[in-house]
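Results of the structural survey
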Amino acid sequence: MADTEAVKEAKKFYEHIPMETPGFFLRGAGSLDWGMKNRLARIFNPDSGRTVMLAIDHGYFQGPTTGLERVDLNIVPLMPLADALMLTRGILRTTVPPALTKPIVMRCSGGPSILKELSNEELAVDIEDAIRMNVAAVTLQVFIGGECETRSVQNMTRLVDQGLRYGIPTMAVTAVGKTLVRDAQYFRLACRICAELGAQFVKTYYCEGFETVTASCPVPIVMAGGKKLPELDALTMAYNAIQRGAAGVDMGRNIFQSDAPKAMMQAIHKVVHKNLTPAEAYDLFQTLRSKEARKKRTPAEPVTV
């Protein structure tokens with residue numbers, strides 16, 4: 001039944017306040033569909049506009065990487081501390097607790113092992129399977145300058161097209177071969193190509209002149225952690241990347257190969273979301289590491305019946 005005039009007047013319609021049409025907090029994402037924005041807002045914290053991703057997809061081409069031998073024992077306890085997880089569908093189905101609500105960025109490329117030419121990849125996951133697993137984004141390597149450069153770029157554009165069809169963003173990862181120079185000129189080229197061809201965000205490595213890489217890329221850039229570094233060096237690299245325009249980090253070995261992974265994850269989180277300096281973050285890491293060590297040394301209390 002229609003409202004009477006008296007009831008209608010009693011409601012708060014806020015006639016004097018026009019409805020706003022807000023943009024979106026992530027760079028280059030203003031024109032994306034609602035579903036894609038919603039998934040990106042699960043990966044990137046809307047308050048800081050940044051993310052701390054935990055990368056554990058290394059096994060897709062190099063097998064049981066050091067620190068990833070037992071994902072169920074060593075990695076699952078770290079997952080609640082991350083903003084998002086980057087992994088393969090095999091690990092997701094076999095090892096990740098379904099009750100975990102962290103957004104998943106799923107590795108969708110594969111083919112060659114570490115024993116072969118890595119750029120010779122193909123798409124290795126059907127988009128419908130990604131949908132079945134409720135992923136927040138899909139990802140793959142792009143080998144700009146690699147032997148199979150064109151194939152990897154075509155893999156990316158096909159994945160972008162599939163993602164657009166279903167509202168799932170694509171993260172392109174700028175792979176670096178052994179013969180390619182890791183400098184700002186190369187990363188500007190690689191990141192810009194990925195963004196121009198439709199990737200909604202890009203993962204790349206830190207370098208001198210990193211601010212020119214982020215400035216020339218019209219979508220968010222997430223810094224790759226790369227090889228294991230001393231904790232202070234890794235925290236410094238993350239801090240510098242954030243201060244120079246990165247929208248977050250995607251770290252693996254610098255987390256799970258640390259002697260105190262939980263402490264390192266929490267320190268990185270503070271660098272990314274709270275702008276802690278490397279020195280402050282390292283002090284936090286040492287404090288948390290000491291607490292972890294004390295817990296391990298504390299004998300278990302006897303069970304009373």
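None of these values were measured; they are calculated from a predicted model. (Residues numbered from 1 in each chain as written. Predicted model: local features only at pLDDT ≥ 70, side-chain atom pairs only at ≥ 80, totals over all residues. Heavy atoms only, no water.)

Turning our attention to the overall build of the chain. The helix and strand inventory of the chain stands at 13 helices and 10 strands. Radius of gyration (C-alpha) of the chain: 22 Å, near the 19 Å computed for a compact globule of 305 residues. Principal axes of the C-alpha set define a box for the chain whose edges measure 75 × 65 × 40 Å. The buried share of the chain, reckoned over its 305 residues, is 47%. Contacts in the chain between residues far apart in sequence, at least 24 positions, make up 65% of those at least 6 positions apart. If you sum the accessible surface of the chain, you get close to 15800 Å²; carbon and sulfur atoms cover 52% of it. Separation of charge centres in the chain, based on 36 positive and 32 negative side chains, amounts to 4 Å. (Helix = DSSP H or I, 4+ residues; strand = E, 2+ residues; numbered from the N terminus. Rg over C-alpha atoms; globule rule 2.2 N^0.38 Å. Buried < 20%, exposed > 50% of the residue type's maximum accessible area, 1.4 Å probe, protein only. Contact = heavy atoms within 4.5 Å. Areas by Shrake-Rupley, 256 points an atom, 1.4 Å probe, with all protein chains shown as cover. Lys, Arg positive; Asp, Glu negative; His and termini not counted. Charge placed at Lys NZ, Arg CZ, Asp CG, Glu CD.)

Ranked by size, the top nonpolar core spans 74 residues in total, and within it Leu 54, Ile 56, Ile 75, Met 251 and Ile 268 carry the most contacts. Setting aside residues up to four positions removed in sequence, Ile 268 forms contacts with Val 52, Ala 234, Leu 235, Ala 238, Val 249, Met 251 and Ile 255. Residues Leu 26, Leu 40, Ala 136 and Ala 137 belong to the second largest nonpolar core, which totals 18 residues. (Core = buried A, V, L, I, M, F, W, Y, C linked by side-chain atoms within 4.5 Å.)

Moving on to the side chain of Arg 107. Note that Arg 107 resides in strand 3 (residues 104-107). Under the relative-accessibility criterion, Arg 107 is labelled buried at 5%. One polar contact links Arg 107 to Asp 57, side chain to side chain, over a distance of 2.8 Å. Aside from chain neighbours lying at most four places away, what touches Arg 107 is Asp 57, Tyr 60, Met 86, Leu 87, Thr 88, Val 125, Thr 139, Leu 140 and Gln 141. (Polar contact = N/O pair within 3.5 Å; in protein donor to acceptor, adjacent residues only side chain to side chain.)

Quick look at a positive patch on the surface now. On the surface, Lys 262, Lys 291, Arg 294, Lys 295 and Arg 297 cluster together into a patch of positive charge. Broken down by element, the positive patch gets its largest block of residues, four residues, from helix 13 (residues 278-297). Turning to its location among the elements, Lys 291 is positioned in helix 13. (Patch = residues over 30% accessible without salt bridge, like charges linked within 9 Å, V, L, I, M, F, W, Y side chains within 5 Å. Salt bridge = Lys/Arg side-chain N within 4 Å of Asp/Glu carboxyl O.)

A barrel is described by the order of its strands in space; here eight strands give the closed sequence 1-2-3-6-7-8-9-10, paired in parallel fashion. Strand-to-strand, the axes of this sheet are offset by a mean angle of 25°, without reference to chain direction. Bridge analysis of strand 9 (residues 221-224) against strand 10 (residues 248-251) gives two bridges, and the strand direction is parallel. Bridged to Met 223 within strand 10 is Val 249. Across the sheet, helix 7 (residues 149-166) lies against strand 6 (137-142) and strand 7 (170-174), angled at about 170° from strand 6, the strand it touches most. Against the sheet, helix 10 (residues 231-243) engages strand 9 and strand 10, with an angle of about 145° to strand 10. (Pairing = 2+ DSSP bridges. Axes fitted to C-alpha atoms, helices over the stretch in contact; angles between N-to-C directions.)

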